[in-house]
Amino acid sequence: MTILVTGGAGFIGANFVLSCLRAGEEPVVNLDKLTYAGNLGSLAAASANPRHLFVKGDICDLELVSDLLRQHAVRAIVHFAAESHVDRSIRGPEDFIRTNITGTFRLLEATRSYVATLPAAAREAFRFVNVSTDEVFGSLGPDAIPFDETSGYFPNSPYSASKAAGDHLVRSYFHTYGLPVITTHCSNNYGPFQFPEKLIPLVILRGQKGESLPVYGDGMNVRDWLYVEDHCEALRAVLAGGKPGATYNIGGDCEKANLDVVHEVCALLDELHPLPGEKAHRELVRFVADRPGHDRRYAIDAGKIRRELGWRPAEDFRSGIRKTVVWYLQNQDWVNDVSSGEYRNWLATNYGSGVDAQ
Ligand code: NAD
Ligand code: TYD
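What you are looking at is a predicted structure, and each value in this text was computed from that prediction instead of being measured.

Colleague: Explanation requested: empty space enclosed by the protein in the structure shown.
Modeller: The probe, sized like a water molecule, is rolled over the atoms to show the empty space still left. Enumeration over the complete set of coordinates arrives at 3 cavities of 30 Å³ or more. In this model, the second largest cavity occupies a volume close to 40 Å³. In terms of lining, the second largest cavity is formed by Ala9, Gly10, Phe11, Ala37, Asn39, Ser42, Phe193, Phe195, Trp334 and Val338. Partitioning the lining of the second largest cavity into residue classes produces 7 nonpolar, 3 polar and no charged.

Colleague: How should the packing of helix H7 (residues 199–208) against helix H9 (residues 258–272) be read in this particular structure?
Modeller: Any two packed helices are characterised by how steeply their axes cross, that is the angle between the axes, and by the distance between the axes. Running from amino to carboxyl end, H7 crosses H9 at an angle of 40°, the nearest separation of the two axes being 10 Å. Between H7 and H9, the angle is such that the two are oblique. As H7 runs across H9, the sense of the crossing is right-handed. Residue-level inspection shows Leu199, Ile200, Val203, Ile204, Gly207 and Gln208 of H7 in contact with H9, the latter providing Asn258, Val261, Val262, Val265 and Leu269. A per-class count over the contact of H7 with H9 returns 8 nonpolar, 3 polar and no charged.

Colleague: Help me out: how do you make sense of the site of ligand 2 in this one?
Modeller: Glu135, Arg223, Arg291, His294 and Tyr351 are the nearest of the 18 residues found near ligand 2. Between ligand 2 and asparagine 188 there is a distance of 2.9 Å, counted from an oxygen atom to a side-chain nitrogen or oxygen. Separating an oxygen atom of ligand 2 from a side-chain N or O atom of histidine 294 is a distance of 2.7 Å. In terms of residue class, the shell around ligand 2 is made up of 7 nonpolar, 5 polar and 6 charged.

Colleague: Help me out: how do you make sense of unusual backbone geometry in this one?
Modeller: One non-glycine residue, leucine 34, lies in the positive phi region at around 55°. By the secondary structure assignment, leucine 34 is in the loop between strand S2 (28–32) and strand S3 (52–56). Under the relative-accessibility criterion, leucine 34 is labelled partly exposed at 24%. Even without glycine at this site, aspartate 253 takes up a positive phi of about 50°. With respect to the secondary-structure elements, aspartate 253 resides in the loop between strand S10 (247–250) and strand S11 (255–257). Overall, the relative accessible area of 69% leaves aspartate 253 in the exposed class.

Colleague: Help me understand the pattern of salt bridges, please; the structure alone is not making it clear to me.
Modeller: Oppositely charged side chains can form a pair if their charged atoms are brought close together. For the coordinates displayed, the defined rule picks out 15 salt bridges. Among the ionic pairs, aspartate 87 bridges to arginine 291, the shortest N-O distance being 2.6 Å. Taken together, the residues aspartate 87 in helix H3 (residues 86–91) and arginine 291 in the loop between strand S12 (285–288) and helix H10 (303–309) connect sequence positions 204 residues apart. Here aspartate 87 matches arginine 291 in class, with each residue buried. The salt bridge involving arginine 88 is made with glutamate 342; its shortest N-O contact spans 2.8 Å. Of this pair, arginine 88 sits in helix H3 while glutamate 342 sits in helix H13 (residues 341–351), and the two are 254 residues apart along the sequence.

Colleague: For this particular structure, what's the right way to read the sheet that holds S3?
Modeller: Note: strands within a sheet are paired through backbone hydrogen bonds, in either parallel or antiparallel orientation. Spatial strand order, S3-S2-S1-S4-S5-S6-S10: 7 strands in an open sheet with parallel pairing. Looking at the sheet topology across the chains shown, the edges are occupied by S3 and S10. Neighbouring strand axes in the sheet, compared pairwise and without regard to direction, differ in orientation by 20° on average. As paired strands, strand S4 (residues 74–79) and strand S5 (residues 127–133) are joined by 4 bridges and run parallel to one another.

Colleague: I keep staring at the pairing of S4 and nothing clicks. Help me out?
Modeller: Looking along a regular strand, one sees the side chains alternate between the two faces of the sheet. In terms of residue burial, S4 counts as a mostly covered element, since 5 of its 6 residues are buried. The sheet contact formed by strand S1 (residues 2–6) and S4 spans 5 bridges and is parallel. Within S4, the residue paired with leucine 4 across the bridge is isoleucine 77.

Colleague: Help me out: how do you make sense of the sheet that holds strand S7 (residues 188–190) in this one?
Modeller: In spatial order, the strands read S7-S9-S11; together these 3 strands make up an open sheet with mixed pairing. The open sheet has two free edges, formed respectively by S7 and S11, since each of these has just one partner strand. On average, each strand axis in the sheet is inclined to that of its neighbour by 50°, with strand direction left out of account. Pairing analysis gives 3 bridges linking S7 to strand S9 (residues 222–227), with the strands arranged parallel. Bridging from a neighbouring strand, asparagine 189 pairs with leucine 226 of S9. Each of S9 and S11 is contacted by H9, which is oriented at about 85° to S11, the strand it contacts most.

What counts and what doesn't
- Residues numbered from 1 in each chain as written.
- Chains lettered and ligands numbered in written order.
- Predicted model: local features only at pLDDT ≥ 70, side-chain atom pairs only at ≥ 80, totals over all residues.
- Heavy atoms only, no water.
- 1 Å grid on protein atoms, 1.4 Å probe; cavity = no way out; pocket = protein on both sides within 12 Å on 5 of 7 lines; lining within 4 Å.
- Points joined across faces, edges and corners; volume = space filled by probe spheres on them.
- Nonpolar A, V, L, I, M, F, W, Y, C, P; charged D, E, K, R; others polar.
- Axes fitted to C-alpha atoms, helices over the stretch in contact; angles between N-to-C directions.
- Helix = DSSP H or I, 4+ residues; strand = E, 2+ residues; numbered from the N terminus.
- Parallel < 35°, antiparallel > 145°, perpendicular 65-115°, else oblique.
- Left-handed = near helix turned anticlockwise from the far one by under 90°.
- Contact = heavy atoms within 4.5 Å.
- Near = heavy atom within 4 Å.
- Polar contact = N/O pair within 3.5 Å; in protein donor to acceptor, adjacent residues only side chain to side chain.
- Buried < 20%, exposed > 50% of the residue type's maximum accessible area, 1.4 Å probe, protein only.
- Salt bridge = Lys/Arg side-chain N within 4 Å of Asp/Glu carboxyl O.
- Pairing = 2+ DSSP bridges.

Laid out in structure tokens, this is it:
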């Protein structure tokens, strides 16, 4: 029996594949299109592992997905593949519609046909875990209670709207066809292998080089932060014990304003990679034009997954962010690999003259 992971060359997917292989469990088939966000370098530790099969391909390719499901007798799918960056969705939503909606739909269709061919026990045991985000719930006021599994959907960006549409399709396949799906809603992840268009790796990489650190608006937007390996553990708990048709919220109980996150990274860089002339990294902060429609606050109530599946995060922000900064400083080859043309083009497109180019 095999797990099919989609998007396993991306940030969370690669961490998930590596953690499954480390745990010494069943084989993993890893289907990834290798967009700008996918990187085989993140899977170097798995390259010689006979339990890992990488397949370059698109989740929109129904025939390919159907073949993989059959050929490898897949017993579960963990679906990460997505266009995932809010700012890119604002500049060009089309790819988000294609992958996050059509791609999820095709994956569901292929799975529905495949599961129908399984014997009853295998059909019963099959799982489709849909990895979604807290962003589908919209923006919270400063005193509002955190999102739980009963929160309504109020997506505000093309990214979160496309994820919400995918979630609704997933839900409908449970209610209409009895497909054993589970959707998870996680908060902001950080850790190794995250593409440096996202806040934390962007600040580490630019800070390390003494370049300006772009903070949107007043820097007071709040996110909940979870170390990526804790998210992977939560997904493994959901795969093992989650109830079909259910949803689970996953978070780090760690709300922070963006400016505080940036300052914490700066303090670690001051310690681990000081700038010449004792200049503090936080002097590099530049407030730049805000993201249109920027959600003010996300917060997660992860009580259900704690109570029902016994999951809780192993890292707090202090330990997780130190590991993350150390990882980026020590993995310059990976960093150089991903800081290629596509990354530089993105900086020029998104920030224009708001930050100095690399
Ligand atoms: P990512 O952008 O780093 O990786 C996405 C991966 O999907 C890449 O490897 C890319 O090549 C692949 N991909 C894109 N389109 C594809 C397609 N059509 N077919 C096959 N592969 C394709 O994303 P991530 O940060 O690792 O996020 C993974 C999932 O987790 C996403 O669904 C995202 O919505 C969700 N999520 C992310 C976060 C976060 O903080 N990063 C938080 C909550 C949920
Ligand atoms: P990001 O990492 O893009 O994740 P998301 O938008 O999914 O939460 O951004 C995290 C927060 O940091 C978000 O409030 C936007 C902000 N941000 C900046 O202030 N500057 C930046 O250059 C980036 C990329 C993000």
